[in-house]
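Remarks on the overall topology
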Amino acid sequence: MTTLENDFIKVSIRSQGAELTSIYNKQTGIEHLWQADPAVWGWHAPNLFPVVGGCLDNQIIVDGKPYPMERHGFTRQSEFTVIEATPTKACFSLKSNEKTRAVYPYEFDFQIEYQIDNQVLTLIYRVINREDKRMYFSVGSHPAFAVPFFPNENYEDYYLEFQNEEPLERHMLSTKGYFTGETEPVLTVDKQLPLTADLFNDDALVFKNLASRSVTIRSRNHDQAVTVSFPAFPYLGIWAKPGGKFVCIEPWLGCADREGTPVPFEEKEAIQHVEPNGLFETGYTIGV
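As a starting point, this report considers the structure included with it. As the structure is a computational prediction, the values presented were derived from the model and not from experiment.

Scanning the protein chain for helices and strands turns up 1 helix and 25 strands. Scored against the burial criterion, the 288 residues of the protein chain give a buried share of 56%. Summing over all exposed atoms, the protein chain offers an accessible surface of approximately 12,400 Å²; the carbon and sulfur share of this is 46%. The average position of the 25 basic charges and that of the 39 acidic charges among the side chains of the protein chain differ by 4 Å.

Attention now moves to the sheet that holds strand β1 (residues 2–5). Sheet architecture is open: 4 strands sit in the order β1-β2-β3-β4, paired in antiparallel fashion. Each edge of the open sheet carries a strand with a single partner, namely β1 and β4 (30–31). Of the strand pairs in this sheet, strand β2 (residues 9–14) and strand β3 (residues 19–25) are connected by 6 bridges, and their pairing is antiparallel. Paired with Lys10 across the bridge in β3 is Tyr24.

Bringing the sheet that holds strand β8 (residues 81–85) into the picture now. Pairing between the strands of a sheet comes from backbone hydrogen bonds, and it takes one of two forms, parallel or antiparallel. Sheet architecture is open: 9 strands sit in the order β8-β9-β10-β11-β25-β21-β20-β15-β18, paired in antiparallel fashion. Pairing within the sheet leaves two strands with one partner each, and these edge strands are β8 and β18 (192–194). Within the sheet, the average angular offset between the axes of one strand and its neighbour, ignoring direction, is 20 degrees. Bridge analysis of strand β15 (residues 158–162) against strand β20 (residues 214–219) gives 5 bridges, and the strand direction is antiparallel. If you follow Leu160 over to β20, its bridge partner there is Ile217.

Leu20, Phe49, Tyr104, Leu160, Ile217 and Ile286 are the most contacted members of the largest nonpolar core, which totals 90 residues. When residues in this core are grouped by element, the largest group, 6 residues, is from strand β23 (residues 246–253). Ignoring anything within four residues of it in the chain, the contact list for Phe49 reads His72, Gly73, Phe74, Thr75, Tyr104, Phe108, Phe110, Val127, Met135, Phe137, Ser138 and Val139.

Let's shift gears to the packing of aromatic side chains. The final tally for this structure, using the stated rule, is 21 aromatic pairs. Ring plane angle 85 degrees and centroid distance 6.1 Å describe the contact between Phe92 and Tyr114, whose orientation is recorded as edge-to-face. Placement of Phe92 in strand β9 (residues 89–95) and of Tyr114 in strand β10 (residues 108–117) is noted, with a sequence separation of 22 residues between them. Tyr114 matches Phe92 in its accessibility class, with the two residues each being buried.

Now for unusual backbone geometry. For the bond running from Phe49 to Pro50, omega is 0 degrees, close enough to zero to count as cis. In this fold, Pro50 is placed in the loop between β5 (47–48) and β6 (59–62). Residues Val147 and Pro148 are joined by a peptide bond in cis, for which omega reads 5 degrees. The phi torsion at Asn118 lies on the positive side, around 55 degrees, for a residue other than glycine. Mapped onto the elements of the fold, Asn118 is located in the loop between β10 and β11 (120–129).

The residue Lys268 is located in the loop between β23 and β24 (272–274) in this model. What makes Lys268 buried here is its relative accessible area of 7%. There is a polar contact of 2.5 Å between the side chain of Lys268 and the side chain of Asp257. When neighbours within four sequence positions are excluded, Lys268 is seen to be in contact with Cys55, Cys255, Asp257 and Val263.

This part covers the pairing of β20. Taking burial as the measure, the 6 residues of β20 include 5 buried ones, the bulk of the element. From the end of β20 to the start of strand β21 (residues 225–229), which pair antiparallel, there are 5 residues.

Time to look at the side chain of Gln111. With respect to the element layout, Gln111 can be found in strand β10. Here the side chain of Gln111 touches Asp109 through a polar contact of 3.0 Å, side chain to side chain.

What follows is about the pattern of salt bridges. Think of it this way: side chains of opposite charge can pair up when their charged atoms draw near. Per the stated rule, a full pass over the model turns up 13 salt bridges. For Glu5, the salt bridge goes to Lys26, with nearest N and O atoms at 2.8 Å. One end of the pair, Glu5, is in strand β1; the other, Lys26, is in the loop between β3 and β4, with 21 residues separating them in the sequence. Between Glu161 and Arg218 there is a salt bridge; the shortest N-O distance is 3.0 Å. Linking Glu161 in strand β15 with Arg218 in strand β20, this pair joins segments that are 57 residues apart in sequence. Assessed through its relative accessible area of 26%, Arg218 is described here as partly exposed. Bridged by salt links that share partners, the residues Glu113, Arg126 and Glu281 form one connected network.

Reading the values: rules and limits
- Per chain, residue numbering runs from 1 following the sequence as it is written.
- Per-residue local features of the predicted model are confined to residues with pLDDT of at least 70, and side-chain atom pairs are confined, for both listing and counting, to 80 or more; whole-chain, interface and lining totals are unaffected and use all residues.
- By convention in this description, side-chain values take in all heavy atoms of the structure and omit both hydrogens and water.
- Numbering goes from the N terminus for both helices and strands, where a helix is a DSSP run of H or I of at least four residues and a strand is a run of E of at least two.
- In this scheme, a residue with accessible area under 20% of its type's maximum is buried, one over 50% is exposed, and one in between is partly exposed, where area comes from a 1.4 Å probe on protein chains only.
- Only the protein chains shown count as cover for residues, and the accessible areas themselves come from Shrake-Rupley with a 1.4 Å probe.
- Within this scheme the basic residues Lys and Arg register as positive and the acidic residues Asp and Glu register as negative, but His and the chain ends are omitted.
- Taken as the charge centre is NZ of Lys, CZ of Arg, CG of Asp or CD of Glu, depending on the residue.
- By definition, two strands form a pair when at least two bridges between them are found by DSSP.
- Note on method: axes are straight lines fitted to C-alpha atoms, helices fitted across the in-contact stretch only, with angles between N-to-C directions ranging 0 to 180 degrees.
- Residue types Ala, Val, Leu, Ile, Met, Phe, Trp, Tyr and Cys, when buried and joined through side-chain atoms within 4.5 Å, form a set referred to as a nonpolar core.
- Any pair of residues with heavy atoms lying within 4.5 Å of one another is described as a contacting pair.
- Here is the rule: rings of Phe, Tyr and Trp (six-membered ring for Trp) pair when centre to centre is within 6.5 Å. Planes less than 30 degrees apart are stacked, more than 60 are edge-to-face, and the remainder are tilted.
- Definition of a polar contact: a pair of N or O atoms within 3.5 Å, with one able to donate and the other able to accept a hydrogen when the atoms are protein atoms, and with sequence-neighbouring residues admitted only if both atoms are side-chain atoms.
- For this document, the term salt bridge refers to a Lys or Arg side-chain nitrogen within 4 Å of an Asp or Glu carboxyl oxygen.

This is the structure:
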């Protein structure tokens, strides 16, 4: 376990998946990350690579050849190496190997960097292409934030506040986790979306055209809040396991497949790429 700490927050990251396991606010005594109850949902904050969401037939097609690919990719099951560590910053690396090549035929170095400054955690993704050809991928994040913050509160005391007042339209998912092509309005009042027990009965709320670049978890009882800011991520998922005392705010560069006929990997919706021997970098922040 790797720990970052300053006067305001303490953050823990495990080597499996380079996954956040704790964001502890030292000023308030609040643990803001879901603590992965296996009876409900056994993850804290998976990193998603080289796909986001589900792929048709659980596979990707690269250069005409199918490769097995699980939902959200293989990163969360992979063991990362710490390549840099200071009291307030740590960088983790996953390099292509025999196991990754069997499902994703590229040579790469996928790095995840965490850095804290005051009460803000910055997360940076770096995709380094070790190939002499263009490399395709998706990348995203799946942090689950504990709600409520305090034991004397209820889940329904909380709401999500979007940066902008805007019409929200969710893109519907099938029972298998693929887009159906249907959309549905999501109603907000004064930029607020209340958290309710049935909000995620039809799976995640997936937004593709948000103007808002941040979403904040707030309570009607106090001023403590968590803000996720994602300036470079056009796709956003919001989800919780029904009955789970958490909410995920998920910045994505990529998304699940649409029902129908599989397409080549490079033609997937929202697919990203990095040029031969090049570097792709992006990031977002969590403020507590």
